[in-house]
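Coordinate inspection notes
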Amino acid sequence: MHTVPEKFRIQPGIPEGFKVTTLGSGSPGQDLRKSSPCTMVQYKDKYFVCDLGNGAMNQMLKAGINPPDVVNVFLTHLHADHSSDYPYFLIIGHHDGRKRVNLAGPPKVKHFHDTIVNELYGDYVKYFENLGFNMDGLTTNINIRPIEDRDSFELDGVTISTIRVPHTIHSLSYKFEAGGQRVVVSGDLMHSESFVEFAMDTDILVMDANQTPAWHLASMHPDFEKRLEKSHIRIAELAEVARKTNAKKLVLTHLTRGTYIGELVSQVCKIYDGEIVVAFDLLEIFPGIKTGY
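Residues numbered from 1 in each chain as written. Predicted model: local features only at pLDDT ≥ 70, side-chain atom pairs only at ≥ 80, totals over all residues. Heavy atoms only, no water.

**A look at the overall build of the protein chain**
Threshold: The way it works is that DSSP assigns letters per residue, a run of H or I at least four long becomes a helix, a run of E at least two long becomes a strand, and they are numbered from the N terminus. Burial classification: accessible surface area is computed with a 1.4 Å probe over protein chains only, and a residue below 20% of its type maximum counts as buried, one above 50% as exposed, and the rest as partly exposed. Residues are treated as being in contact if the distance between any of their heavy atoms lies within 4.5 Å. To measure how exposed things are, a 1.4 Å probe is used in the Shrake-Rupley method; for residues, cover is taken only from the protein chains shown.
When helices and strands are counted, the protein chain shows 10 helices and 14 strands. Relative to its 293 residues, the protein chain shows a buried fraction of 57%. When contacts within the protein chain are restricted to residue pairs at least 6 apart in sequence, those whose partners lie at least 24 apart make up 65%. Carbon and sulfur atoms form 50% of the exposed surface of the protein chain, whose accessible area is close to 12,500 Å².

Here it is as structure tokens:
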């Protein structure tokens, strides 16, 4: 796995405001250097995890985060590369001491959760119950919030807002606001003017960059990049979104294997003149502290 250079470990301990950690910065497909999508938004001592792709639990441990301390989960959509670690997070996190879960996601998120605990892993869950485990955080003390489109609510001192964005299935973007700071996590999306309005004046804008130029795409079907335009925002459009929203810091994540970093940054900086951060696993990002280009 990618070892985080010491210089990127900027602020040990509890931050005064927001911190974003790209626990998983990769895309579909196995890659020893990048785990599947998972972005941890932290406000002071509270955690808000966006997506739980493959390896998310291990990445939390590597980042110094105790997984049972993470109770607020936000799934952008129910594709496997964004949600496959949720069953492990839920069941093993409960085993290790988590006593509550707040889960938000697209309309099928309750069915997703219920299928895991009642059907797919129902016998395993029953095994814990028969051992005398308190079931809070697994089958009880679970708050599930299915979201259709725009929503706004508060958790642990942070205001969370949502908007539906275009993708291949029902998908959401999330905005986190507290202490005069704002973080937006796009999830997977195609271009949307409503997302531009949603993400205005963001301190940290974490964006889907799966359309990045890469040898991996070039080696597939010759029209593969064109086909991706039906599911992921183009890099030029992404840069225009960052420019229009006046984002102070743009984080490019969901990167495919073999990404040409120089070409990616070159394309973005032609349009957007703010700070550009190319994500890698376990990278920590703070408002007001320069991390990227």
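That was the structure; now back to the text.
**Topic: the sheet that holds strand β1 (residues 18-24)**
Across a sheet, paired strands are connected by hydrogen bonds in the backbone, their directions being either parallel or antiparallel. Basically, it comes down to this: Paired strands, in this sense, are two strands between which DSSP finds at least two bridges. Only C-alpha atoms enter the line fits that serve as axes; for helices the fit covers just the stretch in contact. Angles between N-to-C directions range over 0 to 180 degrees.
With mixed pairing, seven strands are arranged side by side in an open sheet as β6-β5-β4-β3-β2-β1-β14. A strand with exactly one partner marks an edge of an open sheet, and here the two such strands are β6 (142-146) and β14 (283-285). Strand-to-strand, the axes of this sheet are offset by a mean angle of 20 degrees, without reference to chain direction. Pairing geometry for strand β3 (residues 46-50) and strand β4 (residues 72-74), over three bridges, is parallel. Opposite Cys50, over in β4, you have Phe74 as the bridge partner. Sitting on the sheet, helix α4 (residues 109-120) touches β5 (101-105) and β6, and the angle it makes with β6 is about 145 degrees.

**Quick look at unusual backbone geometry**
Positive phi values are uncommon outside glycine, yet Asp51 reaches one of about 75 degrees. Secondary-structure assignment places Asp51 in the loop between β3 and α1 (56-62). Although it is not a glycine, Asp156 adopts a positive phi angle of roughly 50 degrees. Following the sequence through the fold, Asp156 ends up in the loop between β7 (151-155) and β8 (158-165). Overall, Asp156 belongs to the partly exposed group, its relative accessible area being 30%.

**Observations regarding the nonpolar core**
Selection rule: Residue types Ala, Val, Leu, Ile, Met, Phe, Trp, Tyr and Cys, when buried and joined through side-chain atoms within 4.5 Å, form a set referred to as a nonpolar core.
One finds Leu52, Met60 and Tyr86 to be the most contacted residues of the largest nonpolar core, which totals 31 residues. Going through the elements one at a time, β2 (38-43), β3, α1, α3 (86-95), β5, α4 and α5 (122-130) are the ones with two or more residues in this core. In terms of residues, this core owes the most to one element, α3, which gives five residues. Setting aside residues up to four positions removed in sequence, Met60 forms contacts with Leu23, Met40, Val49, Leu52, Ile65, Pro67, Val70 and Phe89.

**Some points on α4**
Burial in α4 covers these residues: Val109, Phe112, His113, Thr115, Ile116 and Val117. Check the buried side of α4 and you find it contacts α2 (80-83), α3, β5, α5 and β6.

**Considering the pairing of β7**
Here β7 runs beside β8; their pairing, made up of five bridges, is antiparallel. Its bridge partner lying in β8, Asp151 is registered against Thr162.

**A look at the state of the cysteines**
To keep it simple, the criterion reads: By convention in this document, the label disulfide applies to cysteine sulfur atom pairs within 2.5 Å.
Tallying each qualifying case throughout the model produces zero disulfides. No disulfide involves Cys38; its sulfur sits 8.5 Å from the nearest other cysteine sulfur, which is in Cys50. A relative accessible area of 2% places Cys38 in the buried class.

**Structural notes on the pairing of strand β12 (residues 249-253)**
We count it as follows: Crossover handedness is defined by viewing with both strands directed away from the observer: a clockwise path from the first strand over the helix to the second marks the crossover as right-handed.
Of all the five residues making up β12, five are buried; the element is thus mostly covered by neighbouring parts of the structure. The alternating pattern of β12 places Lys249, Val251 and Thr253 and Leu250 and Leu252 on opposite faces, both of which are buried. Pairing analysis gives four bridges linking strand β11 (residues 204-208) to β12, with the strands arranged parallel. In the sheet register, Met207 faces β12, and the bridge partner there is Leu252. Of the pairings in the sheet, the one linking β12 to strand β13 (residues 275-278) comprises four bridges and is parallel in character. When the sheet's bridge partners are listed, Val251 is paired in β13 with Val277. Once you follow β12 into helix α10 (residues 261-269) and on to β13, the crossover reads as right-handed.

**Things to note about α3**
A large share of α3 lies buried, amounting to eight of its 10 residues. If you check which residues of α3 are buried, you get Tyr86, Pro87, Phe89, Leu90, Ile91, Ile92, Gly93 and His94. Looking one or two places after α3, you find Gly97, whose phi comes out positive at around 125 degrees.

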